[in-house]
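Tertiary structure, described
Chain by chain, the residues:
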Amino acid sequence: MLELQTKPLIKPLGDSALHVQLGAGIDPAIHEKVKNLLRLLNEQPFEGWIECVPAYNNITVYYDPTLVLQSHSAEAQSSFQKVSAYILGLIQQLGESGSSAGNIVTIPVLYGGEFGPDLEHVAQVNGLTTDQVIDIHSGSDYLVYMIGFAPGFPFMGGMDERIATPRKDSPRLSIPPGSVGIAGKQTGIYPLETPGGWQIIGRTPVDLFLPELTPPTRLQSGDKIKFTPITPEEYDEMKEVKQ
């Protein structure tokens, strides 16, 4: 496991955002710090704060530089320096913060067939049967590290390396929504029809992008995911219930 950085690294992103790096690599312990800092910023926002975007090991903080300068009356400092100082103060509180538990979400998946055209390839690459790939993929709990690429697309860690498979050499021009894929040591779910190069092993009938809701995504950074294999009949039933 990677060691946590002893000091956070804060860099400006233009004049209205900054990047807070809390560690390196994909590591649950580092991401726990990301989640706790995100929670503190949401609970204790500074004047001029707009929003935060969490990722694997960092947070991007967006703010209004004019409001920051107007509201923080102190020695002459830039808005970046003022926000950096505020965030460093919150980071000092991280050791006192408890774990920020995410939701536990079960995602049903119909593996293989026309919905999982790359399942056999993943099995061949790793010297396994397709049933073994399904058992391994559905036998782990996954942590959602970040949402990105497309609205609602969860990047998840925790996949068993026995089924790790490189991306496709030539991406598909169109991948149906709900497709469950593998890329390297990660797994993810395509919420919308988009191009993509992940190895598609199945499909879920569950919608991940919900534009009528706030936030418009079913999954959030910090959630825990459990995949459950379903039959074609169960898939059809779940699709009918949604309609």
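Everything that follows concerns the structure shown earlier in this document.
I will try to describe carefully the structure that is included in this document. All residue numbers here refer to positions counted from 1 along the written sequence of the relevant chain. Where totals are concerned, whole chains, interfaces and linings use all residues; where local detail is concerned, this predicted model gives features only for residues with pLDDT of at least 70, and gives and counts side-chain atom pairs only at 80 or more. Values reported for side chains reflect all heavy atoms of the structure, with hydrogen atoms and water molecules removed beforehand.

1. A word on the sheet that holds strand S4 (residues 58–63)
Through backbone hydrogen bonds, the strands of a sheet pair up, either in parallel or in antiparallel fashion. Whether two strands pair comes down to DSSP finding at least two bridges between them. Numbering of helices and strands runs from the N terminus; a helix is a DSSP stretch of H or I covering at least four residues, while a strand is a stretch of E covering at least two. Taken in spatial order, the four strands make up an open sheet running S1-S2-S4-S3, and their pairing is antiparallel. This sheet does not close on itself; its edge strands, each paired only once, are strand S1 (9–12) and strand S3 (49–54). Taken pair by pair, the neighbouring strands of this sheet meet at an average axis angle of 20°, ignoring direction. The axes used here are C-alpha line fits, helices contributing only the stretch in contact, and every angle between their N-to-C directions lies in the interval 0 to 180 degrees.

2. Side note on unusual backbone geometry
Residue Pro215 is bonded to the preceding Thr214 through a cis peptide linkage, with omega at -5°. You can see Pro215 is positioned in the loop between strand S12 (199–203) and strand S13 (224–229). Phi at Phe149 takes a positive value of approximately 70°, unusual for a residue other than glycine. Along the chain, Phe149 falls in the loop between strand S6 (141–147) and strand S7 (154–157).

3. Digging into the environment of Asp141
Structurally, the position occupied by Asp141 is in strand S6. Taking the C-alpha atoms as reference, Asp141 lies 17 Å from Gly184; in sequence the two are 43 residues apart. In this analysis, two residues are considered to be in contact whenever any of their non-hydrogen atoms come within 4.5 Å of each other. The contact partners of Asp141, leaving out residues within four places of it in the chain, are Gly157, Gly158, Ile225 and Lys226.

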